[in-house]
Amino acid sequence: MVVYQERYVARSGVGAASTMIPANMATAVNRALDRVEARQGCDVDTFVGRELGMSAAERAAHFAPEQIDALALAFDAHDRGRGFIEADETGIGKGRGAGGRLPARLATRPSGDFLDREAQPVLGFLP
């Protein structure tokens, strides 16, 4: 039997992940998160907390562990002048992740809008 997906094991410690990951991508994602932690000198939770100015309790209240991992990858890519494509399935939280990246980035580049499908501003879940 060929296994195409496996449970995602989040690097973030805010809780247990509830999603699956393509089996052929799991090792690459873990290696990428290893590199983020090595470059940043801390775990992904500490790195994302520092970038967002959020406590551990605030992060846990607003983001799933998969989203913390994605935020860490995105912030690290930005720090290196690289892009980041978040291509999770529907309902995983791409919008929340993008919204989480806005405050930290607007401080250095104060422009941009983030709207939901009804064209309503989406920043109310952030501090």
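This text follows the structure it describes.
Residues numbered from 1 in each chain as written. Predicted model: local features only at pLDDT ≥ 70, side-chain atom pairs only at ≥ 80, totals over all residues. Heavy atoms only, no water.

K.L.:
Looking at this structure, I do not really get the nonpolar core. What am I missing?
P.N.:
By size, the foremost hydrophobic cluster in this structure holds 21 residues, and its most contacted members are Tyr8, Val48 and Leu52. Going through the elements one at a time, helix 1 (26-40), helix 2 (44-52) and helix 4 (65-79) are the ones with two or more residues in this core. (Core = buried A, V, L, I, M, F, W, Y, C linked by side-chain atoms within 4.5 Å. Buried < 20%, exposed > 50% of the residue type's maximum accessible area, 1.4 Å probe, protein only. Helix = DSSP H or I, 4+ residues; strand = E, 2+ residues; numbered from the N terminus.)

K.L.:
Even after reading the chapter, I still don't get the packing of aromatic side chains, so can you show me in this structure?
P.N.:
Both the distance between ring centres and the angle between the ring planes are used here to describe each pair of aromatic rings. One pass over the full model with this rule turns up one aromatic pair. Residues phenylalanine 47 and phenylalanine 75 carry aromatic rings whose centres are separated by 6.3 Å and whose planes lie at 80° to one another, so their mutual orientation is edge-to-face. Taken together, the residues span a long stretch of sequence, with phenylalanine 47 in helix 2 and phenylalanine 75 in helix 4 at a distance of 28 residues. For phenylalanine 75, a relative accessible area of 0% puts it in the buried group. (Phe/Tyr/Trp six-rings, centres within 6.5 Å; stacked < 30°, edge-to-face > 60°.)

K.L.:
How do you make sense of the packing of helix 1 against helix 2 when you look at a structure like this?
P.N.:
Helix-helix packing is characterised by the crossing angle of the two axes and by the distance between the axes. Running from N to C, helix 1 and helix 2 point in directions that differ by 60°, and their axes come no closer than 9 Å. When the axes of helix 1 and helix 2 are compared, the pair comes out oblique. Crossing of helix 1 over helix 2 shows left-handed handedness. Of the residues in helix 2, those in contact with Leu33, Val36, Glu37 and Gln40 of helix 1 are Val44, Phe47 and Arg50. (Axes fitted to C-alpha atoms, helices over the stretch in contact; angles between N-to-C directions. Parallel < 35°, antiparallel > 145°, perpendicular 65-115°, else oblique. Left-handed = near helix turned anticlockwise from the far one by under 90°. Contact = heavy atoms within 4.5 Å.)

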